[in-house]
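Coordinates in review
Listed below are the residues making up each chain.
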Amino acid sequence: MHALASSTLENNWRDGYTIPSARLYPFQWNWDSGFIALGLAWSHPPRALEEVRSMFRGQWGNGLLPHINFHQPNPNYFPGPDVWRTAAVPAAPQDLATSGITQPPVFAFVLERLLTTPAAELPAWADFLAELYPKILAFHRYLYTCRDPHGEGLVYIQHNWESGTDNSPAWDAVLDAIDVTHAREVAHLRRDIRNVDAAHRPTNENYRRYIALVDLFARLGYDDAAIARESPFLVQDVLFNSLLARSNQSLITLGRRLGLDTAEVEAWQAKTVAAINHKLWDEEAGHYFSYDLRAGRLLRVRTSSGFAPLFAGVCLPAQADRLLGGLTTHFMRSDAWSLCASTAATVPAFDPVKYWRGPAWINMNWLLHHGLARYGRTELAARIKANSLHFMAAHGYFEYFDPRPPAEGGAAHGLGADAFSWSAALYLDFTLNPAPL
Ligand code: DGY
């Protein structure tokens, strides 16, 4: 498995960065890149540094870290740079085409974790850390400055693609409310459904809305204030904010090591931790949900994003108890359910094979594993880890997996893209890096 993980990462390596998978995603993706660096740190340590550096080559002047860097042209993906139209935006880099939205902020905790890998023993490490720290800080500052209009300590995402959990049923109500009367048809432009089973991917109706948002942002010149005024999609995502909180914590830890003043980050962090627990916690459900700023309500759809506050360490012990009660009632419904599904099996929209509407993802189970360990649930944490490794050993380094037990119809093969980089990378992290996070 280690050799296969290394060769998967090797095959997906391009000129200084790693693509998530040749078949579906031929560029560099933001949060993928973070998880991938954690595997490269074991298979090819200097590349972990190169990977992160390449990602930050796409950073905008205002601090935004784009969700895609289009390092080289490739016609096998939609929407490409011609749709994003960021070249004319003054803040965008001049020498690299990028998308104009971001993804969950993972890089600070990725850097902290790299400290416990061979990457931190490289002679180049100290310079790398000193170089990246202010860039990550600038990204967080962008989020707090441009994505938190009411100063709540919760930042909003502008697009479901910024959540990382692209077609989660949590976004259905927001997307359905978008008026697409004048939006263009995009079904014929999609490349993803030519490359993998359309049943495993978002629907055309969804995609039309995704692109309607991108077209709106391009028309508004990626001006965040204008987007906040006009866009129908403004959501305080629980996964995004929890990973931001975990990353703030790492900025504080790393900043102190570097002898820097961390007061600014500490102030963000105190607000964010309190706001996640106050605004995104639903006492009745015993679960965390994302908040729709447009509609002024929680999006009460149980997804695995609601467990991310465990990883961030923001839950009170009583909340952790309630959450974990829900994990066994709604997600891993008996011991035969090996991994945490992305959407609870009790949600009417649950679809065990469709992308983020049910399948189990390795990165979400990795976050859950560390969250459980953090809250002293060592047995369950060990089970999630063992089952993650087992799924990959049995099926390969797929993008996602049917979470149902075979006796309940669970597919005996992996889903989405195969030779998927972050699955391979996290296999290496799971098995070679015993440090807690
Ligand atoms: C895709 O193309 O499905 C990506 O996840 C969007 O960034």
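Note that the structure is a prediction, hence the values are computed from the model and not measured. Note that residues are indexed from 1 along each chain, following the sequence as it is written. The model is predicted, so local features are restricted to residues of pLDDT at least 70 and side-chain atom pairs to those at 80 or more, both for listing and for counting; the totals for chains, interfaces and linings are taken over all residues. Hydrogens and water are ignored here; the side-chain numbers use all heavy atoms of the structure.

Remarks on helix 18 (residues 421–432)
- The way it works is that DSSP assigns letters per residue, a run of H or I at least four long becomes a helix, a run of E at least two long becomes a strand, and they are numbered from the N terminus. Working rule for helices: expected span equals 1.5 Å times residues minus one. With 12 residues, helix 18 ought to run about 16 Å at 1.5 Å a step, and its terminal C-alpha atoms sit 16 Å apart, in line with that.
- For the exposure calls, accessible area comes from a 1.4 Å probe over protein chains only, and a residue counts as buried if that area is under 20% of its type's maximum, exposed if over 50%, partly exposed in between. Regarding helix 18, the residues found buried are Ser-421, Trp-422, Ser-423, Ala-424, Ala-425, Leu-426, Tyr-427, Leu-428, Asp-429 and Phe-430.
- It only takes one pair of heavy atoms within 4.5 Å for two residues to be counted as in contact. Against helix 1 (2–11), helix 2 (30–43), helix 5 (107–114), helix 16 (362–374) and helix 17 (378–395) lie the buried residues of helix 18.

So, the side chain of Asn-433
- Relative to the elements of secondary structure, Asn-433 occurs in the segment after helix 18.
- On the basis of relative accessible area, Asn-433 is assigned to the buried category, the value being 5%.
- In this structure the side chain of Asn-433 is engaged in a polar contact, spanning 3.1 Å, whose partner is the side chain of Thr-116.
- Whenever a nitrogen or oxygen atom comes within 3.5 Å of another N or O atom, the pair is scored as a polar contact, on the condition that within protein one atom can donate a hydrogen and the other can accept it, and that pairs from neighbouring residues in sequence are kept only if both atoms are in side chains. Here the side chain of Asn-433 touches Ala-435 through a polar contact of 3.2 Å, landing on its backbone nitrogen.
- Apart from residues no more than four positions distant in its own chain, Asn-433 is found in contact with Trp-42, Arg-113, Thr-116, Thr-117 and Leu-428.

Regarding the sheet that holds strand 2 (residues 68–70)
- Strand order in this open sheet of three strands is 1-2-3, and the pairing throughout is antiparallel. Looking at the sheet topology across the chains shown, the edges are occupied by strand 1 (28–29) and strand 3 (97–98).
- Relative to strand 2, strand 1 is paired through two bridges, and the arrangement is antiparallel. By the bridge assignment for strand 2, Gln-28 is matched with Asn-69. Whether two strands pair comes down to DSSP finding at least two bridges between them.

A few points about the domain arrangement of the protein
- Domain segmentation is taken from an automatic or database assignment of domains. One can read the domain layout of the protein as domain 1 (23–331) and domain 2 (332–432).
- In this structure, domain 1 and domain 2 have C-alpha centres spaced 21 Å apart.
- The partner domain 2 presents 43 residues to the 52 residues of domain 1 that form the contact.
- The term buried area denotes the loss of accessible surface (1.4 Å probe radius) that occurs when two parts are joined, taken as the sum for both partners. It is Phe-35, His-200 and Phe-331 in domain 1 that bury the most area against domain 2; as a group they hold 17% of the surface buried on that side.

Quick notes on the site of the ligand
- Any residue with a heavy atom lying within 4 Å of a molecule or strand is counted as near it. Near the ligand, the surroundings consist of Tyr-25, Trp-29, His-67, Tyr-77, Trp-161, Asp-166, Arg-201, Tyr-207 and Tyr-355.
- Measuring from an oxygen atom of the ligand, one finds a side-chain N or O atom of Arg-201 at 2.9 Å.
- At a separation of 3.1 Å, an oxygen atom of the ligand approaches a polar side-chain atom of Tyr-355.
- The protein chains hide 95% of the 230 Å² of surface that the ligand would expose on its own.
- Among the cavities detected, the one that contains the ligand is the largest cavity.
- In this count, Pro and Cys sit with the nonpolar residues alongside Ala, Val, Leu, Ile, Met, Phe, Trp and Tyr, while Asp, Glu, Lys and Arg are called charged and the others, Gly among them, polar. Looking at side-chain class alone, the shell around the ligand contains six nonpolar, one polar and two charged residues. For accessible areas, the Shrake-Rupley method is used with a probe of radius 1.4 Å. Any residue's cover is judged against the shown protein chains and nothing else. Definitions used for this entry: grid spacing 1 Å over protein atoms alone; cavity, a set of points where a 1.4 Å probe fits but cannot get out; pocket, an open set with protein on both sides within 12 Å along at least 5 of 7 lines; lining residue, one with an atom within 4 Å of a point. To decide whether a molecule occupies a pocket or cavity, check its atoms: if more than half lie within 2 Å of the grid points, it is inside.

Topic: the sheet that holds strand 8 (residues 297–299)
- With respect to topology, three strands assemble into an open sheet ordered 4-7-8, the strand pairing being antiparallel. The open sheet has two free edges, formed respectively by strand 4 (235–236) and strand 8, since each of these has just one partner strand.

Let's talk about the packing of helix 5 against helix 12 (residues 238–257)
- In this analysis an axis means a line fitted to C-alpha atoms, helices contributing only their contacting stretch, and an angle means the value between N-to-C directions, from 0 to 180 degrees. The interhelical angle for the contact between helix 5 and helix 12, taken along N-to-C directions, is 50°, at an axis separation of 7 Å. Between helix 5 and helix 12, the interaxial angle falls into the category oblique. Viewed along their axes, helix 5 and helix 12 form a crossing whose handedness is left-handed. When helix 5 is examined against helix 12, the residues Phe-107, Ala-108, Phe-109, Leu-111 and Glu-112 are found in contact with a partner set consisting of Leu-243, Arg-246, Ser-247, Ser-250, Leu-251, Thr-253 and Leu-254.
- Taken together, the residues that form the contact of helix 5 with helix 12 break down as seven nonpolar, three polar and two charged. The scheme is simple: roughly parallel for angles under 35 degrees, roughly antiparallel for over 145, roughly perpendicular for 65 to 115, oblique for anything else. Here a crossing is taken to be left-handed if its near helix is turned anticlockwise relative to the far helix by less than a right angle, and right-handed if that turn runs clockwise.

Structural notes on the pattern of salt bridges
- For this analysis, a salt bridge means a side-chain nitrogen from Lys or Arg found within 4 Å of a carboxyl oxygen belonging to Asp or Glu. This model, assessed by the stated rule, comprises 21 salt bridges.
- Residue Glu-185 is joined to Arg-208 by a salt bridge in which the shortest nitrogen-to-oxygen separation is 3.6 Å. A residue pair is termed long-range when its members are at least 10 positions apart, and Glu-185 in the loop between helix 8 (172–176) and helix 9 (192–195) and Arg-208 in helix 10 (residues 204–219) qualify at 23 residues.
- When its relative accessible area of 47% is taken as the criterion, Glu-185 is described as partly exposed.
- In this structure, a network of salt bridges that share partners links the residues Arg-53, Glu-131 and Lys-135.

Thoughts on the packing of aromatic side chains
- Between the rings of Phe, Tyr and Trp (Trp by its six-membered ring), a pair exists once the centres lie within 6.5 Å; its type follows the angle of the planes, with under 30 degrees stacked, over 60 edge-to-face, and the other angles tilted. Within this structure, the stated rule accounts for 35 aromatic pairs.
- Arranged with centres 4.7 Å apart and planes meeting at 75°, the rings of Phe-27 and Phe-70 form a pair that is edge-to-face. One end of the pair, Phe-27, is in the loop between helix 1 and strand 1; the other, Phe-70, is in strand 2, with 43 residues separating them in the sequence.
- Classification of Phe-27 by relative accessible area gives buried; the value is 2%.
- With a relative accessible area of 5%, Phe-70 lands in the buried category.
- An angle of 45° between the planes, with centres 6.3 Å apart, marks the rings of Trp-84 and Trp-161 as tilted. Remark: Trp-161 occurs in helix 7 (residues 160–163) and Trp-84 occurs in helix 4 (residues 81–84); sequence separation between them is 77 residues. Grouping residues by exposure puts Trp-84 and Trp-161 together as buried.
- Should the NZ of a Lys or the CZ of an Arg lie within 6 Å of a ring centre and within 35 degrees of the ring normal, that charge is described as sitting over the ring. The ring centre of Tyr-355 lies 4.4 Å from the NZ or CZ of Arg-201, which sits over that ring.
- Above the plane of the ring of Phe-311 lies Arg-246, whose end atom (NZ or CZ) is 6.0 Å from the centre.

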